[in-house]
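Okay, here's what each chain looks like letter by letter:
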Amino acid sequence: MMAVRKLALVALLVTVAVGPASRSFGQAQPTPVTGDWLLAHILSDPEQLNPLTSNDAGASAILGYIVQTLLTRDPRTLELKPLLAEARPTIAADKLTYTFKIRKDAHFQDGRKLTGEDVLFSVKAIKNPLVNAPFARVYYESVTDAQLVDEHTIRFSIKEPYFLNETMLGGIEVLPRHYYDPQNLMKDVGIKDLADPAKLSDNAKKFAEQFNKNYSRNPMGSGPYKFQAWKTGQEVELVRDPKYWGIGKPGIDQAYFDRHRYRVINNPDAALTSLKSGSLDTMGLQPLQHMQQTGGDRFKKDFEKHEYFSPNYSYIGWNNDHPIFSDKRVRKAMTHLTDRKQMVKTILFNLGQVVDGPIYFHRPEYDKSLASIPYDPKKALELLAEAGWKDSDGDGILDKTIDGKKVPFRFEIKFNSGNTTRKSVALALQDELKKHGIGATVRELDWTVFLSEIKGRKYDAMILGWAMSVTEPDAYQVWHSSQAANKGSNHIAYKNPRVDKILEEYRREFDPKKRIELYREFQKILHDDQPYTFLFTPKSISAVSRRFRGVEVLPIGGLRPLDWWTPAGAQKYGSKPSNN
Amino acid sequence: MGSYLVQRFLLLIPTFVGVTLISFLIMRLAPGDPAELRAGGGLRGAGEGGLATEKRGVVDTAIAQWRAQYGLDKPLPVQYAVWMKNLFTLNFGESYKDNQPVVDKIRERLPVTIKLNLLSIFLVYLVAIPLGIYSATHSYSIGDQLTTLFAFVLFALPVVWLGTMAIVFLCGGDFWFIFPPGGLSSIDYSPDWPLWQRLKDQAWHLFLPVLMLSYAGFAGLSRYMRSGMLEQLRQDFVQTARSKGLPEGIVIYKHVLRNSLIPMVTILAGLLPGLIGGSVIVETIFSIPGLGQLGYEAVLARDFPVVMALFTVSALLTLLGILLSDLLLAMVDPRIAFGRRG
């Protein structure tokens, strides 16, 4: 999601450590040197490389090296820290005004100084209703005004107190005004003027049109890497900016590789072969590739494999409005019938962990005291009997009289076609349910069709996934009852008044301890209600060339290529000049 | 012949309109809304781009804007009319994905696809014609049976499998490193390289994709060649030539071969649309940014302007191909006359 992506350099690589995480801390490290290239793998072209209008994960990863934000997060502690701002913002007592001081020594890749004007422009660009950035705009909707106090100070006014406002404002990607708006069309347009699309000035319209059209493939910012070239379907290339403002500055990210080349290889087999033959330095491995194709001595000599959790979870969503699944005893029974440990073993090849709630298990908000619901068909049948489900007519299928009508326990599980993990889960569950007199059918749907059926709540059960926040979570959007209407993200129609109250209070609570308490309670309620059958969080595996140094799985997870470098003697590409 | 040509051309118009109309309807009646898809985080949107209800308003506005911008808010017949009108000015519109002109996207990928397919057609003919001749002149011999068997085994091998095998075994994984595992140029490729080096690099990269694109064609074409020749060999004039005492070589290569090449020429014209259609499978296996890949991604993303442009171009080429093959046939075969008999 956009808010996460905004703190890109950290956020996109954050996943959690397992295995070789606690490696060589405190040991004297050699000083990193520049030079060499990184050849990384991407499965397809980014859709576009406009920092505001692009909305795909591939683009975020690349743009994170080019464009910077006011604040960032420490990759190890996840603490907010200044990047383009001098310090964290001053927050007024009413929590409605945030003042940022901007560094005076930062400049863009073309050498122009970065000032408050650029920050103001960036916010205006996001807020311009005709700019194709509705996703970013959603997050900045609560920004009611922004004013320059002086050349390097900007003050934001916010609609209502929310503890994530600092993260949101700190995540503004600062774009060079002179580059993205050369005619300064947005100069006289105020934030307030942008609220109503109908009353937009001609200049604002003209800006939006140009911005949407002319900046899809030529990003520029203040980051350590400059955009160099994009050969469609072949590769995207970034070069280290030798004049990067942050060079040598303590606490500011440094870059070591001369080049990042993202090679588009849309066939995973070909990608692995490329890796082995030396035309890639790193790639994410598929489970089968990890298990069967990367165990040889030659591979081990050239590459090291790193294993870490990907912060997302899969779940089976039960339509809480459905006559069968509106009963929480039935939902609990379904979880008891889902052999999640076995699924992790056979479907994920043991690369994953069973989860029982939406909060990432490495967050302080996570409630460790809740016991995982075990696979237990006996308990499940008891619960079902308690809920009134029995085979009264002896046809082998459980039934129950609901509203005077006999209803057999039959339903359909939907998932998106092409997702083999979800398919395997659905089939395994179908098989298990059959043994206990429950008739489930499975149905694969094209992604767009699937989405619209989910949003329209035209399903009994479905399998989907959510990303989990590695920073402070906010579960409002998925679990608040207000989000069940109007195609919101609470598409199972979960409604619990106490949960609503917690979610609302949590957002206004600025004390982290109290927030943790609130979310512990929230998790207990969810555990009891079982609106979803939470499935698992998968692990990712990446292979990285052994010639790189500084490669480590971060304590909070993930790899961070920005920290990687190659000792002078081992550099494969040296510091060759560009060929493009 | 002139009036025949005019007639044929006029017939092309309704056919073309029909083809585009059907393509348009299929595309539009298939479920999936490009604006919604885009709002959901694009094709590869992780999970589901869920948004809070109060924020949903912003997205709905954006979706409405996109619909208006793309013209999707108008009724289908109007959309089709607008599209047709633009087509007359050779305007294929802009891609929904990044607002870039569709024409540029096609232009960017066209050279690769044409190169690949021309080479492949050339290779198919290069192999299939001698194979067919051999089979015909040695019909029902062991050699004929073996080449036929071999050609059909190749024909039956799925390209997905063979291509993957080629990559795993020949491209530097754990086995041989003879060819690159995909792409169009080497990592250290430079436009400053001398011509021969650039050509070598190209050839090295294109070899496997061209082979994969071609091998299945060997069987079909060599069969055409074989049956064509066998048919000719049974003709009276062959008998006459032989009785005249002409050497067998002259009989075969001068008289029989020329006549039996006629169907081969017409097949060639039929291959024309394939020139730009590209091959989704081969392009995907070898990571080649051609038109097949473009079309495939556009269909998944419901990028209507791109899809329609590709449909249109390949429909046009198909129609032209058919016309061309008719004309070619007339040119190589004097027995066919147009319109009134002269």
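Here, the structure is the one placed above.
Trainee: Quick question: what am I supposed to make of the overall build of chain A here?
Mentor: For chain A, the helix and strand inventory stands at 19 helices and 22 strands. Its C-alpha radius of gyration of 26 Å places chain A within 12% of the 25 Å reference for a compact globule of 580 residues. Its C-alpha atoms give chain A principal-axis dimensions of about 80 × 65 × 45 Å. By the burial criterion, 59% of the 580 residues in chain A qualify as buried. Of all intrachain contacts in chain A linking residues separated by at least 6 positions in sequence, the fraction that spans at least 24 positions is 71%. Surface exposure of chain A reaches about 22700 Å², of which carbon and sulfur atoms provide 51%. Charged side chains in chain A number 82 positive and 70 negative. The centres of these two groups are separated by 3 Å.

Trainee: Sorry if this is basic, but what is going on with the overall build of chain B here?
Mentor: Check the secondary structure of chain B and you find 15 helices and 0 strands. Taking all 342 residues of chain B together, the buried fraction comes to 47%. Expressed as a percentage of contacts within chain B between residues at least 6 apart in sequence, the contacts between residues at least 24 apart total 74%. Entry remark: accessible area of chain B is about 17100 Å², with carbon and sulfur atoms responsible for 70%.

Trainee: Just checking my understanding: could you explain the packing of aromatic side chains for this structure?
Mentor: Each aromatic ring pair is summarised here by two numbers: the centre-to-centre distance and the angle between the ring planes. Scanning all chains against the criterion turns up 43 aromatic pairs over all chains. Taking the centre distance of 5.6 Å and the plane angle of 85° together, the rings of Trp479(A) and Tyr494(A) count as edge-to-face. Here the residue Trp479(A) occupies a position in helix α17 (residues 476–479), and Tyr494(A) occupies one in the loop between α17 and α18 (497–508), the gap between them amounting to 15 residues. On the basis of an interplanar angle of 40° and a centroid distance of 4.6 Å, the ring pair of Phe169(B) and Phe175(B) is categorised as tilted. On the basis of relative accessibility, which here comes to 44%, the residue Phe175(B) falls in the partly exposed class.

Trainee: For this particular structure, what's the right way to read the sheet that holds strand β18 (residues 410–416) of chain A?
Mentor: Each strand in a sheet pairs with its neighbour through backbone hydrogen bonds, running either in the same direction (parallel) or in the opposite one (antiparallel). Residues and elements named next belong to chain A. Taken together, 5 strands build an open sheet; the order of strands is β19-β18-β20-β14-β21 and the sheet is mixed. The open sheet has two free edges, formed respectively by β19 (439–445) and β21 (532–534), since each of these has just one partner strand. Averaged over all neighbouring strand pairs, the angle between strand axes comes to 30°, with direction disregarded. The pairing of β18 with β19 spans 7 bridges and is classified as parallel. Residue Arg 410 lies in a different strand from β19, and its bridge partner there is Gly 439. Packed on one face of the sheet, helix α16 (residues 447–455) meets β18, β19 and β20 (461–467) and runs near 100° to β20.

Trainee: What's the story with unusual backbone geometry in this structure? I'm lost.
Mentor: Negative phi characterises most residues that are not glycine, and trans characterises most peptide bonds. With a phi angle near 65°, Leu78(A) is a residue other than glycine that sits in the positive phi range. Within the secondary structure layout, Leu78(A) lies in the loop between β3 (71–73) and β4 (80–82).

Trainee: Explain the sheet that holds strand β6 (residues 97–101) of chain A to me, please; I cannot follow it from the model alone.
Mentor: Residue and element names in this part refer to chain A. Strand order across the open sheet formed by 4 strands is β5-β6-β8-β7, with antiparallel pairing between neighbours. Among the strands making up the open sheet, the edge pair consists of β5 (90–91) and β7 (143–150). Sheet contacts for helix α4 (residues 116–127): β7 and β8 (153–158); angle to β7, the most-contacted strand, approximately 165°.

Trainee: How do you make sense of helix α8 (residues 202–214) of chain A when you look at a structure like this?
Mentor: Since the α-helix turns once every 3.6 residues, residues separated by three or four places project in the same direction. Residues and elements named next belong to chain A. An ideal rise of 1.5 Å per residue puts 18 Å on 13 residues; α8 measures up with 18 Å between its terminal C-alpha atoms. Those residues of α8 not exposed but buried are Ala 204, Phe 207, Ala 208, Phe 211 and Asn 212. Summarising the axial view, the buried residues of α8 lie within an arc of 120°, below the 170-degree limit, and thus occupy one face. Those residues of α8 that are exposed and angled more than 90 degrees off the buried face are Asp 202 and Glu 209.

Trainee: It is not clear to me how the nonpolar core should be interpreted in this structure. Could you clarify?
Mentor: Note that soluble globular proteins tend to have their nonpolar side chains buried in a common cluster. Ranked by size, the top nonpolar core spans 78 residues in total, and within it Phe100(A), Phe156(A) and Leu169(A) carry the most contacts. Tallying contributions element by element places α4(A) first for this core, with 6 residues. Non-local contacts of Leu169(A), meaning those with residues more than four positions away in its chain, are made with Leu70(A), Tyr98(A), Phe100(A), Tyr140(A), Val143(A), Phe156(A) and Ile158(A). Counting 53 residues, the second-largest nonpolar core is a separate cluster that includes Ala128(B), Leu184(B), Leu206(B) and Val210(B).

Trainee: Explain the interface of chain B and chain A to me, please; I cannot follow it from the model alone.
Mentor: Interfaces are often described in size by the accessible area the parts lose on coming together. Opposite the 57 residues of chain B that make contact, chain A presents 60 residues. Interface area for chain B against chain A, summed over the two sides, is near 5200 Å², with a carbon-plus-sulfur share of 50%. Where chain B meets chain A, there are 4 salt bridges. Between Glu94(B) and Lys213(A) there is a salt bridge, with its nearest N and O atoms 2.6 Å apart. Taken together, the connections running from chain B to chain A amount to 13 residue pairs in polar contact (both at pLDDT 80 or more). Mapped onto the side of chain B that touches chain A, the elements with two or more residues apiece are α2 (34–39), α3 (53–70), α5 (102–137), α7 (159–170) and α13 (280–285) of chain B. Broken down by element, the residue count for the side of chain B that touches chain A peaks at 10 residues, all from α3(B). The class makeup of the residues in the side of chain B that touches chain A is 21 nonpolar, 20 polar and 16 charged.

Trainee: Looking at this model, I keep getting lost on helix α14 (residues 377–386) of chain A. Mind explaining?
Mentor: Residues and elements named next belong to chain A. Every buried residue of α14 is accounted for by Ala 380, Leu 383 and Leu 384. Buried positions in α14, seen along its axis, are confined to an arc of 100° and lie on one side of it. Counted as exposed and oriented over 90 degrees from the buried face of α14: Lys 378 and Glu 386. Taken together, the buried residues of α14 touch α12 (328–337). Positive phi appears at Gly 388, one or two residues downstream of α14, with a value of about 100°.

Cut-offs applied
- Residues numbered from 1 in each chain as written.
- Chains lettered and ligands numbered in written order.
- Predicted model: local features only at pLDDT ≥ 70, side-chain atom pairs only at ≥ 80, totals over all residues.
- Heavy atoms only, no water.
- Helix = DSSP H or I, 4+ residues; strand = E, 2+ residues; numbered from the N terminus.
- Rg over C-alpha atoms; globule rule 2.2 N^0.38 Å.
- Buried < 20%, exposed > 50% of the residue type's maximum accessible area, 1.4 Å probe, protein only.
- Contact = heavy atoms within 4.5 Å.
- Areas by Shrake-Rupley, 256 points an atom, 1.4 Å probe, with all protein chains shown as cover.
- Lys, Arg positive; Asp, Glu negative; His and termini not counted.
- Charge placed at Lys NZ, Arg CZ, Asp CG, Glu CD.
- Phe/Tyr/Trp six-rings, centres within 6.5 Å; stacked < 30°, edge-to-face > 60°.
- Pairing = 2+ DSSP bridges.
- Axes fitted to C-alpha atoms, helices over the stretch in contact; angles between N-to-C directions.
- Expected span 1.5 Å × (residues − 1).
- Arc of directions from axis to C-beta.
- Core = buried A, V, L, I, M, F, W, Y, C linked by side-chain atoms within 4.5 Å.
- Buried area = accessible area lost by both parts, 1.4 Å probe.
- Salt bridge = Lys/Arg side-chain N within 4 Å of Asp/Glu carboxyl O.
- Polar contact = N/O pair within 3.5 Å; in protein donor to acceptor, adjacent residues only side chain to side chain.
- Nonpolar A, V, L, I, M, F, W, Y, C, P; charged D, E, K, R; others polar.

The values reported here are purely geometric and, on their own, carry no functional implication.
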